Protein chains: 4
Amino acid sequence: MVVRAAVAGASGYAGGEVLRLLLGHPRVEVGAVTAHANAGERLGALQPHLLPLADRVLEPTSPEALAGHDVVFLALPHGQSAAVAEQLGDAALVIDCGADFRLRDAADWERFYGSPHAGTWPYGLPELPGGRAALTGARRIAVPGCYPTAVSLALFPAYAAGLVEPEAVVVAASGTSGAGKSPKPHLLGSEVMGSMTPYGVGGVHRHTPEMAQNLGAVAGQPVTVSFTPTLAPMPRGILATCSAKALPGTTAAAVREAYAKALDAEPFVHLLPEGRWPSTAAVYGSNAALLQVAYDETAGRVIAVSAIDNLTKGTAGGAVQSMNVALGLPEELGLTTIGVAP
Amino acid sequence: MVVRAAVAGASGYAGGEVLRLLLGHPRVEVGAVTAHANAGERLGALQPHLLPLADRVLEPTSPEALAGHDVVFLALPHGQSAAVAEQLGDAALVIDCGADFRLRDAADWERFYGSPHAGTWPYGLPELPGGRAALTGARRIAVPGCYPTAVSLALFPAYAAGLVEPEAVVVAASGTSGAGKSPKPHLLGSEVMGSMTPYGVGGVHRHTPEMAQNLGAVAGQPVTVSFTPTLAPMPRGILATCSAKALPGTTAAAVREAYAKALDAEPFVHLLPEGRWPSTAAVYGSNAALLQVAYDETAGRVIAVSAIDNLTKGTAGGAVQSMNVALGLPEELGLTTIGVAP
Amino acid sequence: MVVRAAVAGASGYAGGEVLRLLLGHPRVEVGAVTAHANAGERLGALQPHLLPLADRVLEPTSPEALAGHDVVFLALPHGQSAAVAEQLGDAALVIDCGADFRLRDAADWERFYGSPHAGTWPYGLPELPGGRAALTGARRIAVPGCYPTAVSLALFPAYAAGLVEPEAVVVAASGTSGAGKSPKPHLLGSEVMGSMTPYGVGGVHRHTPEMAQNLGAVAGQPVTVSFTPTLAPMPRGILATCSAKALPGTTAAAVREAYAKALDAEPFVHLLPEGRWPSTAAVYGSNAALLQVAYDETAGRVIAVSAIDNLTKGTAGGAVQSMNVALGLPEELGLTTIGVAP
Amino acid sequence: MVVRAAVAGASGYAGGEVLRLLLGHPRVEVGAVTAHANAGERLGALQPHLLPLADRVLEPTSPEALAGHDVVFLALPHGQSAAVAEQLGDAALVIDCGADFRLRDAADWERFYGSPHAGTWPYGLPELPGGRAALTGARRIAVPGCYPTAVSLALFPAYAAGLVEPEAVVVAASGTSGAGKSPKPHLLGSEVMGSMTPYGVGGVHRHTPEMAQNLGAVAGQPVTVSFTPTLAPMPRGILATCSAKALPGTTAAAVREAYAKALDAEPFVHLLPEGRWPSTAAVYGSNAALLQVAYDETAGRVIAVSAIDNLTKGTAGGAVQSMNVALGLPEELGLTTIGVAP
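Residues numbered from 1 in each chain as written. Chains lettered and ligands numbered in written order. Predicted model: local features only at pLDDT ≥ 70, side-chain atom pairs only at ≥ 80, totals over all residues. Heavy atoms only, no water.

1. Focus on the pairing of strand S10 (residues 238-246) of chain A
Residues and elements named next belong to chain A.
Alright, step 1. Of all nine residues making up S10, eight are buried, and the element is well covered by its neighbours.
Alright, step 2. Note that strand S7 (residues 164-174) and S10 share eight bridges and pair antiparallel. Counted as the bridge partner of Val 171 is Thr 241 from S10.
Alright, step 3. As defined by bridge partners, S10 adjoins strand S13 (residues 301-308) across eight bridges and the pair is classed as antiparallel. In the sheet register, Cys 242 faces S13, and the bridge partner there is Ala 304. (Buried < 20%, exposed > 50% of the residue type's maximum accessible area, 1.4 Å probe, protein only. Helix = DSSP H or I, 4+ residues; strand = E, 2+ residues; numbered from the N terminus. Pairing = 2+ DSSP bridges.)

Take a look at the structure:
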């Protein structure tokens, strides 16, 4: 079986990463590659690292261009996926790398995105409890946000084991590709090199309700998340430092055991041996999430740190992994846990 | 009056930054520059950015070399300052950029540093309540750690105003110069570029009790700090994201007012206008601390973020500022709030 | 005497650097700060590192705003300086950081800039033979391009001493601030970090004729320059690797002697001791140019390498240095040879 | 057929990259992984990006450990390969990533490496004229140096077509991984970020005679190379800017045609369309070499610029490509022309 896949939004970072992974997927054939403003250009001018597709010309994103594929990846600006998806019908598996169908709570959606809620699709994080079941055979998949991926993987074992209070504090650093390819002054290399800076502080970042949704589902009760994203001087990677107050009776051993148990069978999430800590460099271009956890007795908090590549496990890799699950392919197909380092 | 200053440990990053600032200080004359392993070498080979001192030869660190100066800056590895200071007598103002005399609690010292407590010197953070009084006329000054500087400045206004619970959560990113000039594999450029990684997680970093000491003194009660430091791919700078649960009745307006009031008269600490956030790039080489604060109603937390240059305000600039206070010079002399950017 | 200075184009990188230096100049008072698209905004939002000017509001660039100053710095896009300068009259010293008045040859100008030649102003590189004389008392100054500064300083001693053939080969790496603050996709942090890339290859970069003009004047005969600029993943700095075939009889000793002789009295150009090489890090924010030179006997070439900060010595520092010369102030006033490192 | 491969020197950057590629090679099984100082450690602690091998324990490098493999990759410090290779016998294909067997001229070897010449092995650059034939069936392969790979690919078409004089001028920028993993002060992240610096200037870099050897063989006459390497603030990548004086009658069209003809059939070397230039980012982790060429009529020079990943095409990828040729496997097996970007 050959899976024929189209990519809408192929000129951006998410679309480019989907293509990079699909080119290495043994069961996928890359079909249409489409774009909006860059339609008509050769891919080689926009994604010079994708040499095998250098001469491909980007088509305008349209139902016609995307028709006739087994899978359609949408890497579009927020708010544009619903209209495209509607026209695609149920024949294709549609995988949305945007936010449109991630949230279950319409009020949360409207508060954080300021537009009517388009609906909710099966959520593409197989590692969450029940995650694989929800994806098996799915025809629509909402790929998680990059930060929610890193944070949910870091904290769900603690909530699944009932070890911590339902108030998480998260500070995460992201590489600049998370902010997209649209040129803005604060994203210039001159500005970001040598600089760490926060943004969306005070609970206003759009990924916040998605984290609360995931952790609340695992905890079986509402979980609040104090989330502060920061922009780091690197092109890729997310390092998420997550903590929550330990419930009485928690011990370092219980914490470690809970994480080992929750993650032991996961092909892409790796709990590091004690004494070693995750780095974003080690997952550069890989679909792995590296995790470490500690219990600070003095402060009474469990601290979990995860490192992912925001474009791979945090976007395109998560999308391909979920596609594999949905189509009944081996979950690891076309993905790797080997990073490009140093 | 000319202040004659010696610098012990002039081949390292802290010592180099002290020299950089002293060279621009209108009342200071640079006297002896000493080192240990690098004694006998020209400064130009070790600190090529300090052109005016390029031909100076480093002397071995010794009481003789350091004698006869008005001020002696110690930029030595932890644990070496006490012995040197003892031999200097009270004639000189001795300013220790190391940790040896920062902590008041001997048990804390022994637990985190694993050696007998050498004592406590006046603490060089003039911005803390009572900070200037403690430094005026002092003959010994303990320069705060770089992280405690960033974190104490970010959170003390909240504790001074009684707005938050005595449990702070801090995640801070530091440039690599904070880890020193001693070559270690994980500090190689090949390793750190493109990488964010935590270290000293779980309450074990040595700067933790210093933060608790500062904030506890302001709060008038013990404050615990959950502190996670991370290494960021930049040579300089600290971005500290600090938060604590708001006490009942806290409002966004009250938070802002407390910070404005606490910082209004400070020459080096600058509360940014709402909507703008600190970046380490903006304080590159400057003695300024940029601050912003937000109140997250959903999570019920006050989030304060500060950016400093770890080598300037976080070490050498703080040292010179405290020297100015101790000697009765204008506090801003030889220091700037202008960064080198982009 | 207080020199009152205006800066037109204060929202860009060149204008920001001029302001940074003027704020530290003991004889200058910053007057009007103007901009085009950003007029009406506070400087703090655009140049957050210039804290003392944070509340200054940018005025629209106009003859009225710029009138009544002793010195007017123009940091405008190429082609806009002539019109502004004309309206300023001879009362003010006008210092153009742009290219408009650098070239003497109208044909060169038209070929490389595609517009009518506006004229030629005294050239702001005091280190060139006759450079200071041409600037003394000048009312108009054309600040050299950043690359021509680095390359002319590296090679003029070899041409002055008649050691090399009139065909120079230059490859230079520049930090991204040289490309300005206007957001373009290829200047995004995501694109430039981890990347070296050439541009303007094959003799088409606009700084090429300026280099040829400078070196030809020193050599007393036409000099061709094969110039390849490259963009390096750093915010500031130029490293220029320059070489030319040695004339018969040249020796390593003769080369070194020629450079030492030409540069010995220069306050800002520093020939490093043998065995040490310039780095852009060592001149970060400083007005120094670091030089080294070697003679490759096998290839028969003299290789000179210079490092400058493109925004300081390469633009704003060169402008202030030339202002000092023009006004009869000490040439080093308000400038430093101390870099911010590491 | 399964090729069983051992890697000696698996704790360094070259060895790690060999392992990264072998793990993705469909016909290779990773056998022994050995080290010297790090023997006994788990690979996960030293190469955290190679998750599938995290629990492998490094054996001491010895004939016993390396015996019984079809291929042995040597990623050892210069000078150590001969002794190891001798003990391996002819049963195994031995691929030396070091310099020991690259040079044909013993005098060159002794002059640049200061030790007796160990011999010459078939040279692992299949793209050179005759390159594939020399490798087919070989039992010993000398992997080219990273710089000579970039430079030879950039210039050999010009020499093969007889377009340029036998005096090449090369300035190349390399990422820091080219300097290895051994911690030295000048390789610290604090030192290299924000910095460009040359080294080995004046014809003394050890890769110089290797370039001259390759280009001379193509030209059919001795070629001198003026080579200046520079260290760039990025972990990986080489950008080589190479030029030579055009012979009379050369035209831009002839240059382009020569390059197109020489490279058209190459799977890994890609001549970019006119107007686009190579960047190291586009070949991050890929085995591709991107090339562009221009003819500067004014300076009379042909300028060719190439970008490679120093660890992939410049070392480990070149090694695997040559292994494929030697073993009669498809040359592209286990290699990719897709980079990880941005």
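2. Some thoughts on the relation of the copies chain A and chain D
Alright, step 1. For the pair chain A and chain D, the relating rotation is 180°, the translation along its axis is 0.0 Å, and the fit reaches an RMSD of 0.0 Å. With respect to symmetry, the two chain copies, as superposed, fit the operation of a two-fold axis. (Least-squares fit on C-alpha atoms with pLDDT ≥ 70 in both.)

3. Topic: the side chain of Thr 315 of chain D
Residues and elements named next belong to chain D.
Alright, step 1. Secondary-structure assignment places Thr 315 in helix H11 (residues 312-327).
Alright, step 2. Judged by its relative accessible area of 12%, Thr 315 is buried.
Alright, step 3. Residues contacting Thr 315, with those up to four places away along its chain left out, are Ala 14, Cys 97, Val 143, Cys 146 and Asn 310. (Contact = heavy atoms within 4.5 Å.)

4. Here we look at the interface of chain A and chain D
By convention, interface size is frequently given as the accessible area that disappears when the constituent parts associate.
Alright, step 1. Across the boundary between the two partners, chain A contributes 28 residues, which contact 28 residues of chain D.
Alright, step 2. In total, chain A and chain D occlude about 2,400 Å² of area from one another, counting both sides; carbon and sulfur atoms represent 70% of this.
Alright, step 3. Between the two partners, chain A and chain D, sit ten residue pairs in polar contact (both at pLDDT 80 or more).
Alright, step 4. Each residue belonging to the side of chain A that touches chain D can be placed in one class, and the counts come to 17 nonpolar, seven polar and four charged. (Buried area = accessible area lost by both parts, 1.4 Å probe. Polar contact = N/O pair within 3.5 Å; in protein donor to acceptor, adjacent residues only side chain to side chain. Nonpolar A, V, L, I, M, F, W, Y, C, P; charged D, E, K, R; others polar.)

5. Side note on the packing of helix H7 (residues 146-160) of chain A against helix H10 (residues 252-263) of chain A
All names here are of chain A.
Alright, step 1. The N-to-C vectors of H7 and H10 enclose an angle of 115°; their axes lie 9 Å apart at closest approach. By the angle between their directions, the pair H7 and H10 is classed as roughly perpendicular. Crossing of H7 over H10 shows right-handed handedness. Of the residues in H10, those touching H7 at Ala 154, Leu 155, Phe 156, Pro 157 and Ala 158 are Ala 258, Tyr 259, Ala 262 and Leu 263.
Alright, step 2. Per-class residue counts for the contact of H7 with H10 are nine nonpolar, no polar and no charged. (Axes fitted to C-alpha atoms, helices over the stretch in contact; angles between N-to-C directions. Parallel < 35°, antiparallel > 145°, perpendicular 65-115°, else oblique. Left-handed = near helix turned anticlockwise from the far one by under 90°.)

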